[in-house]
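# Coordinates in review
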Amino acid sequence: MIWGRYVLTSGLQCCRCRVSCHVRRHYRILPDDVKSLRAVVNPDVSKIRNIGIMAHIDAGKTTTTERMLYYSGYTRALGDVDDGDTVTDFMAQERERGITIQSAAVTFEWKAHRINLIDTPGHVDFTLEVERALRVLDGAVAVFDASAGVEAQTLTVWRQAEKHHVPCVCFLNKMDKPAASLRFSLESIKKKLKANPVLLQIPVGSGKDFSGVVDLLTNQKLIWKHKTMRDEEDGRTFEITPLDESEEPALLQEVSEARAALIEQVADLDDEFADLLLTDFGENFDEVPSIKLQEAVRRVTLARKGVPVLCGSSLRNKGVQPLLDAITAYLPAPDERHHDLVRWYKDDLCALAFKVLHDKQRGPLVFLRIYSGTLKPQSAVHNINRNSVERISRLMVPFADQNVEIPSMTAGNIALTVGLKQTVTGDTIVSSKSSAAAAAARRAHNDSGTGAKHGEHASVVLSGVEVPEPVFFCTIEPPTMAKQADLENALNNLQREDPSLKVRVDPDSGQTILCGMGELHIEIIHDRIRREYGIETHLGPLQVAYRESILHEVSATETLDRTIGERRHVVAVELAVTPLDSSSCEFAFTEELGAKLSAEIKEAVENGVQSAYLQGPLLGYPLQGVSALIQSVHMEPGTSPAMVSACVSRCVHKALRLAGGQVLEPVMSLEVTVEEERLSSVLGDLAQRRGTVRDIQSRHDDKVLLATVPLAEMMGYSTILRTVTSGNATFTLELDTYEAMNPQDQNTLLKRVSGLL
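Residues numbered from 1 in each chain as written. Predicted model: local features only at pLDDT ≥ 70, side-chain atom pairs only at ≥ 80, totals over all residues. Heavy atoms only, no water.

So, on to the overall build of the chain. Along the chain, the regular secondary structure elements total 20 helices and 37 strands. A globule of 757 residues ought to have a C-alpha radius of gyration of about 27 Å, and the chain, at 29 Å, matches this closely. Oriented by its inertia axes, the alpha-carbon framework of the chain measures out at about 100 × 65 × 60 Å. When burial is assessed residue by residue, the chain has 54% of its 757 residues classed as buried. Considering only contacts in the chain between residues 6 or more positions apart, those separated by 24 or more positions represent 73%. Approximately 33,400 Å² of the chain is accessible, and the part contributed by carbon and sulfur atoms is 48%. Mean positive and mean negative side-chain charge positions of the chain (83 and 102 charges, respectively) differ by 4 Å. (Helix = DSSP H or I, 4+ residues; strand = E, 2+ residues; numbered from the N terminus. Rg over C-alpha atoms; globule rule 2.2 N^0.38 Å. Buried < 20%, exposed > 50% of the residue type's maximum accessible area, 1.4 Å probe, protein only. Contact = heavy atoms within 4.5 Å. Areas by Shrake-Rupley, 256 points an atom, 1.4 Å probe, with all protein chains shown as cover. Lys, Arg positive; Asp, Glu negative; His and termini not counted. Charge placed at Lys NZ, Arg CZ, Asp CG, Glu CD.)

The next subject is helix α1 (residues 61-71). By the criterion of burial, α1 is predominantly enclosed, with 11 of the 11 residues buried. Considered for burial, the residues of α1 that qualify are K61, T62, T63, T64, T65, E66, R67, M68, L69, Y70 and Y71. Following α1 by one or two positions, G73 has its phi on the positive side, about 95°.

What follows concerns the environment of V573. Note that V573 resides in strand β31 (residues 567-579). Accessibility expressed as a relative area gives 3% for V573, which makes it buried. Separated by 372 residues in the primary sequence, V573 and Q201 have C-alpha atoms spaced 68 Å apart. Leave out the neighbours within four places in its chain, and V573 touches A556, T557, E558, S632, C647, V648 and C651.

Time to look at unusual backbone geometry. The phi dihedral of R304 is positive, around 60°, even though this residue is not glycine. With respect to the secondary-structure elements, R304 resides in the loop between α9 (290-302) and β13 (307-311). With phi around 60°, Q378 is a residue other than glycine that occupies positive phi space. Mapped onto the elements of the fold, Q378 is located in the loop between β16 (374-375) and β17 (379-383).

This part takes up the pattern of salt bridges. Within the structure shown, the criterion is met by 32 salt bridges. For K190, the salt bridge is made with E187, and the minimal N-O distance between the two is 3.7 Å. Taken as a pair, K190 and E187 lie in helix α5 (residues 182-193) at a separation of three residues, close to a single helical turn. Classification of E187 by relative accessible area gives partly exposed; the value is 33%. Taking the shortest distance from any N to any O, the salt bridge between R236 and D234 comes out at 2.9 Å. (Salt bridge = Lys/Arg side-chain N within 4 Å of Asp/Glu carboxyl O.)

This brings us to the confidence of the model for the chain. Per-chain confidence: the chain averages 86 in pLDDT, with 90% of residues scoring 70 or above. Segment residues 1-32: pLDDT under 50, and 79 contacts once partners within four positions in sequence are set aside and those in other chains are kept. Note that residues 451-458 has pLDDT below 50 and, in this model, nine contacts with residues that lie over four places away or in other chains. (pLDDT = per-residue confidence, 0-100.)

It is worth spelling out the sheet that holds β31 at this point. Strand order across the open sheet formed by four strands is β30-β31-β33-β32, with mixed pairing between neighbours. Looking at the sheet topology across the chains shown, the edges are occupied by β30 (554-564) and β32 (585-589). Between one strand axis and the next, the sheet turns through 25° on average, direction left out of account. As paired elements, β30 and β31 share 11 bridges and run antiparallel to each other. Its bridge partner lying in β31, T559 is registered against A572. The sheet contacts of helix α16 (residues 599-613) involve β32 and β33 (626-635), and relative to β32 the element is tilted by about 150°. (Pairing = 2+ DSSP bridges. Axes fitted to C-alpha atoms, helices over the stretch in contact; angles between N-to-C directions.)

This part is about the side chain of R259. Within the fold, R259 resides in helix α7 (residues 249-269). With relative accessibility at 4%, the residue R259 sits in the buried group. Within the structure, R259 has its side chain in polar contact with the backbone oxygen of L217 (distance 3.0 Å). Excluding its chain neighbours within four sequence positions, the residues that come into contact with R259 are L216, L217, N219, D286, V288 and L293. (Polar contact = N/O pair within 3.5 Å; in protein donor to acceptor, adjacent residues only side chain to side chain.)

Below, the discussion takes up helix α4 (residues 152-163). Given a rise of 1.5 Å per residue, 12 residues ought to cover 16 Å, and the 17 Å separating the end C-alpha atoms of α4 matches this to within 8%. Of the residues trailing α4, H165 is marked for its positive phi of about 55°. (Expected span 1.5 Å × (residues − 1).)

Counted according to the given criterion, the structure contains six aromatic pairs. Between Y717 and F731, the ring centres sit 5.1 Å apart and the planes meet at 90°, which makes this aromatic pair edge-to-face. A residue pair is termed long-range when its members are at least 10 positions apart, and Y717 in helix α19 (residues 717-724) and F731 in strand β37 (residues 729-740) qualify at 14 residues. (Phe/Tyr/Trp six-rings, centres within 6.5 Å; stacked < 30°, edge-to-face > 60°.)

In structure tokens, the structure reads:
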């Protein structure tokens, strides 16, 4: 990216009109002006949009982001994923592979609105990046390949957006592809996402003849006509003309029917708009002003009753400017999203740390979403989760890997900070411990009428980011023992950046174990250690992270009698373990026991149970689907809580062994898109992998195979699939569930782990 001098201007769009039989408006960004982030720092909160770009891999998220930055005037040239020169894909691995690996934040202005945008990955191995972005964003743009509709990862990120109640706008990208289909894409949104698409545009032309869109709200045609080679390359100029009788009859008919359907659909979803139609436009619904229709669409979007749908081709530079207009028109401002906890802070600072990066010169860079108050550099802040005070030395506006220092940042914005050395993803940052106490007191006072009791810590901490459990692991070793400390430092930094990366030390062998979300995830981590920290590490064979559970309900007792020095510790525990039909592990006290144990002993019992859950009775994998009921805990006076924990842990382990163990293996959802003539080869290979076919669908000239298959059978699948299909297939994998292995496969695994195979 080339940075020249900054030209501070109030706007980059100019309008030139000419008189003819149609009113034509040509929009063009002044070519030599590059805006400075310093020009837009703290606008009114109603003019802020915090949005994310989310999609299946290769749907065009990063290309769409590049066009947004270019048309808004913040870059001089159009970046291209294939050329490796995009703003948001700045990591070496991203530019080499042509995929987004970590989310990147950029800030820019569009028509007096400030847009804080996060470009997220589309690969399932990096789904945590989407999760933590959606946790702090107010709206999202879901990008679709118009020839493929809803794909596997589209469904995953859509569920994540729904979990966080994030309003969305849909952008049907790649309308220039021969197989692009508006109808097919809309149907897949309805059926697969269970969403209500509100179509706002219809395409003009199809395939390589796609030239623009018709805006159904205004009945205007937006055409990207190119008069010069330069315009053809950047798409900054487009022409707006009202539809009239001179248009093709088929287009007029399609627009008329689509607009009538839009008005009827919005009236069904929004009572205020329905009343307006019946009261003022009962004789002719088509006369309703476009501004009233737009306001109704906005209400429908914010209520998450429907999702606006727009069309375009980011790679061909068509349709991105109307998408930017839709972001400002339909997605919410920060003050239109309600965060219950934040109101207790009033005007005091309350922010959530949602991402950490490590910079060799500046140290940890922490991204904060500011929910209330004002953030300033050289100020002390309180981290509630760590119960520590830290000082923010510098405050910046994020722009991928280029950042601009600013004097302050207000509520509703996303900031990048330097100086927070202890803060990690999910931490709540406030101005001081006293402000957190005041917020807790306000909430306690409000809840006093209900009889609810809230501890200070629990009542004022923002909910963090859910981190998925790893499914792969392998050993990692430095080239020499002299590099062990450097490797540990690198892994600590990478874990802080990426909470889905887990590192542990094997208690028996002393080896360092790297746990990740997939083959690509671990491969990227390995490469980053080599490039960024200069350590040539060795990875052991990739292994599957199994789980264990139990078969029967069993009771057990355990007694521990130890004398340490002059102090005798005696504790006896009785409990029962029960299999659960869920992925979690639970524990509880009997009502009588829970009433008489102190908080300290309860905590000791919980620690003992949780430590036992980490190691199953068969192979030592973590447990899931187990419940422990603590029935009695008897102690001699002077017995320490640590001894109680040890006794409980031993008792749980004994019960687990008696209950009979079973191994649970991760089972993946597999989606393969392949030419019809090569489908049989894919099915034959899948049968050898213990796969189960769920469905085979048609997508234009291709077949889409949906199946479930054990993760252990998918090692190196990309290479095999490329071989059996001559490179004419694509696939996606996503964790579906953990299932019990059949006895034969379990025995084979036990023998292999025991070294008998």
